[in-house]
Amino acid sequence: MGITRTLNVDDILARQDSGDLKRRLRGRDLVGFGVGIIIGTGIFTLAGVEAKTHAGPAVTLSFVIGAVVAGLAALCYAELASSVPTAGSAYTYAFATLGEVFAWIIGWDLLLEFALGAAVVSRGWSGYLANLMGLPPEWFGEDATVNIGAVVIIAVLTVVAVLGIRESALATNVLVIVKVAVCVLILAVGVFFIKGSNLTPFIPPAHPAEGGGSVLHQPVVQAGLGLSQSVYGLAGVISAAAIVFFAYTGFEALANLGEETRNPRKDLRVGILGALGICALLYIGVSIVLTGMVPFTDIDAGAPLAAAFDSVGQHWISALISLGAVTGLTSVMMVELVTIGRIGFAMGRDGLLPKALGTAHPRWGTPHRMTIGGAVLIALLAAFVPITELSDMVSIGALSAMIIVATAVPVLRRRRPDLKRPFTVPLSPVLPIVAALACFYLMLNLDVMTWIRFAVWLAIGLAIYFGYGRRHSRLATPTDPSSAPRS
């Protein structure tokens, strides 16, 4: 009994029939949600930024590495999500296997990941909209004192997210169709402007970073070994992979929709693996086109793809790319708001957050209080804080969650060998261990400042847990035998 007490898996499964959340999603809706959150900043921003600053044309290889690690983690998510379909995803899996304090830590990490991600994306959305429509920069974009555009889009999408999961799915699917069409257009037209000279050398030679670089902004691996900060080369490819991994993290959002899926044991694995596969192909294809069209040293970090097509005289494609960026980032925010609501709902239902957050609206069947509360926080961040320097926090939060999920697979198999598993990770426990180690290695390639900020966030979270969550947890005073904790 204590901070390592765990939830009973049968109790978790019994919640599926509570009727609090409405089962309205099908497999294709989950694929739409997945593509909706994964395809966004990775294609429209990160590919160009990381090619220019870390990897050169080999940013394509960085996306491949990110896809492989994400794929390993996705297999672990698919097994747990189809076996224990529930709101809360990694948070709930940790609660059932590793214990309450680990569940709290990972839930706290996920709230950080999706809230910060939505704030970052909303500011990017505001800037793209300003460029597309000629809106005043004092209200839109990074130079705005109060970013009104970011606040407005968060408010609009919050209304949709609260009104119902089906409405959210329909809005997301429409946006996904537009941005996937734009991505296909980029590939179809851009391939004719690729120059072999722009892709040579594919991996630029490593050289020291300009000015030597501060230790705080070095990857942990380099700082720990006492190496001077360098860019490009294989080290640059791995550093870029750790950052562009952020582009793949959205697939984990689907695991939070288990209680709203009509046939979760089948549709969740279809949604998770299908969305990740589609997005990996698009990322790799677009990064090849981008670095083939423009020398990596000349890539525009603000609007890489639009500027690339402008440089070859295809201005109409550039305009469509801006439209695709606006729709793409909109769907990312939509899914992130939906996900924050489900994670907070699960934590509130377990008593680790105020229980009012763990209730669903009687008519709309959505966790309205948590969704609105999370949206207020996101809007405040997006309105006042230039948080581009904190974007790496999204990656470190996601990678830490994936380590927990990979660990939970063999632990749950050992504790509940009788549990029905519609999908199983092959070569367990070897593959889950490889997935956990790969995620940890990518974490070590994020900079020291990211780790410091992550440690501060964890410290705040643990203070809240020991001050509130531990005493109010439903396992502190179980009311029925099925919720009795195991030590």
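Here we summarise the structure given alongside this text. (Residues numbered from 1 in each chain as written. Predicted model: local features only at pLDDT ≥ 70, side-chain atom pairs only at ≥ 80, totals over all residues. Heavy atoms only, no water.)

A closer look at the overall build of the protein
Point 1. A count of helical and extended segments in the protein gives 17 helices and 2 strands.
Point 2. The buried share among the 487 residues of the protein stands at 59%.
Point 3. For the protein, the exposed area adds up to about 17700 Å²; of that, 69% sits on carbon and sulfur atoms. (Helix = DSSP H or I, 4+ residues; strand = E, 2+ residues; numbered from the N terminus. Buried < 20%, exposed > 50% of the residue type's maximum accessible area, 1.4 Å probe, protein only. Areas by Shrake-Rupley, 256 points an atom, 1.4 Å probe, with all protein chains shown as cover.)

Quick notes on empty space enclosed by the protein
Point 1. Going through the model one piece at a time under the given rule, you end up with 2 cavities of 30 Å³ or more.
Point 2. Size it by volume and the largest cavity reaches roughly 130 Å³.
Point 3. Along the walls of the largest cavity sit 17 residues, with I37, F246, T249, V332 and E336 positioned nearest its centre.
Point 4. If you list the elements that add at least two residues to the lining of the largest cavity, you get α2 (27-38), α3 (41-55), α6 (100-133) and α13 (315-349).
Point 5. No other element matches α6, which puts 3 residues into the lining of the largest cavity.
Point 6. Residue composition of the lining of the largest cavity, by class: 10 nonpolar, 5 polar and 2 charged.
Point 7. Lining the second largest cavity we find I12, V84, T92, Y93, A96, T97 and L412.
Point 8. With 4 residues, helix α5 (residues 90-97) is the single largest residue contributor to the lining of the second largest cavity.
Point 9. Within the lining of the second largest cavity, the residues separate by chemical class into 5 nonpolar, 2 polar and no charged. (1 Å grid on protein atoms, 1.4 Å probe; cavity = no way out; pocket = protein on both sides within 12 Å on 5 of 7 lines; lining within 4 Å. Points joined across faces, edges and corners; volume = space filled by probe spheres on them. Nonpolar A, V, L, I, M, F, W, Y, C, P; charged D, E, K, R; others polar.)

Some details on the layout of surface pockets
Point 1. By volume, the second largest pocket amounts to about 360 Å³.
Point 2. In terms of lining residues, the second largest pocket is bounded by 17 residues, among which L111, L112, A115, L377 and W457 are the most central.
Point 3. Residue assignment for the lining of the second largest pocket shows that the elements contributing at least two residues are α6, α14 (368-384) and α17 (448-472).
Point 4. Looking at the lining of the second largest pocket residue by residue, the classes come out as 15 nonpolar, 1 polar and 1 charged.

As for the packing of α2 against α13
Point 1. Interaxial distance between α2 and α13 falls to 7 Å at its minimum, and their mutual angle equals 115 degrees. The chirality of how α2 crosses α13 is left-handed. From α2, F33, G36 and I37 reach across to α13, where they touch G328, S331, V332, V335 and E336.
Point 2. Taken together, the residues of the contact of α2 with α13 break down into 4 nonpolar, 3 polar and 1 charged. (Axes fitted to C-alpha atoms, helices over the stretch in contact; angles between N-to-C directions. Left-handed = near helix turned anticlockwise from the far one by under 90°. Contact = heavy atoms within 4.5 Å.)

Some words on the environment of V221
Point 1. Relative to the helices and strands, V221 resides in helix α9 (residues 220-224).
Point 2. V221 sits 14 residues away from A235 along the chain, and the two C-alpha atoms are 9.7 Å apart.
Point 3. For V221, the residues in contact, after removing those within four places along its chain, are L444 and N445.

Some words on the pattern of salt bridges
Two side chains that carry opposite charge are able to pair once their charged atoms sit near each other.
Point 1. Enumeration according to the criterion identifies 4 salt bridges in this entry.
Point 2. Put simply, R5 and E100 hold a salt bridge, and the shortest N to O gap is 2.9 Å. Of the two residues, R5 is situated in the segment before α1 (9-14) and E100 in helix α6; the sequence distance between them amounts to 95 residues. One exposure class covers both R5 and E100, and it is buried.
Point 3. The shortest N-O distance in the salt bridge between R421 and E79 comes to 3.5 Å. Highlighted residues: R421 in the loop between α15 (392-415) and α16 (430-444) and E79 in helix α4 (residues 59-83), separated in sequence by 342 residues. Each member of the pair, R421 together with E79, is buried.
Point 4. Salt bridges sharing partners connect three or more residues here, namely E79, R413 and R421. (Salt bridge = Lys/Arg side-chain N within 4 Å of Asp/Glu carboxyl O.)

A closer look at unusual backbone geometry
Point 1. Along the chain, T200 connects to P201 via a cis peptide bond; the corresponding omega equals -5 degrees.
Point 2. Mapped onto the elements, P201 comes out in the loop between α8 (165-190) and β1 (207-208).
Point 3. Each neighbour pair has its own omega, and for S428 with P429 the value is 10 degrees, a cis peptide bond.
Point 4. With respect to the secondary-structure elements, P429 resides in the loop between α15 and α16.
Point 5. The phi torsion at L427 lies on the positive side, around 60 degrees, for a residue other than glycine.
Point 6. Tracing the sequence through the fold places L427 in the loop between α15 and α16.
Point 7. According to the relative accessible area criterion, L427 is exposed, its value standing at 66%.

Details of the packing of aromatic side chains
Point 1. Taken as a whole, this structure holds 10 aromatic pairs when the rule is applied.
Point 2. Ring geometry for Y91 versus F95: centroids 5.9 Å apart, planes at 70 degrees, classification edge-to-face. Of the two residues, Y91 and F95 are both situated in helix α5; the distance of 4 residues between them amounts to about one turn of the helix. Per residue, the accessibility class of Y91 equals that of F95, and both read buried.
Point 3. What links up through ring pairs into an aromatic cluster is the set W104, W108, W457, Y465 and F466. (Phe/Tyr/Trp six-rings, centres within 6.5 Å; stacked < 30°, edge-to-face > 60°.)

Quick look at the nonpolar core
As a rule of thumb, nonpolar side chains are buried together in soluble globular proteins.
Point 1. Among the nonpolar cores identified, the biggest contains 156 residues, and I43, Y77, F251, Y283 and I321 are the most heavily contacted of them.
Point 2. When residues in this core are grouped by element, the largest group, 19 residues, is from α6.
Point 3. Residues within four places of Y77 in sequence aside, it is in contact with S89, A90, Y93, F251, E252, A255, I272, A401, M402 and V405. (Core = buried A, V, L, I, M, F, W, Y, C linked by side-chain atoms within 4.5 Å.)

Quick look at the packing of helix α12 (residues 304-311) against α13
Point 1. Interhelical geometry of α12 versus α13 gives an angle of 170 degrees and a closest axis separation of 7 Å. The angle between α12 and α13 falls in the class roughly antiparallel. Along the contact surface, α12 presents L305, A306, F309 and D310, while α13 presents H315, I317, S318, I321 and S322. (Parallel < 35°, antiparallel > 145°, perpendicular 65-115°, else oblique.)

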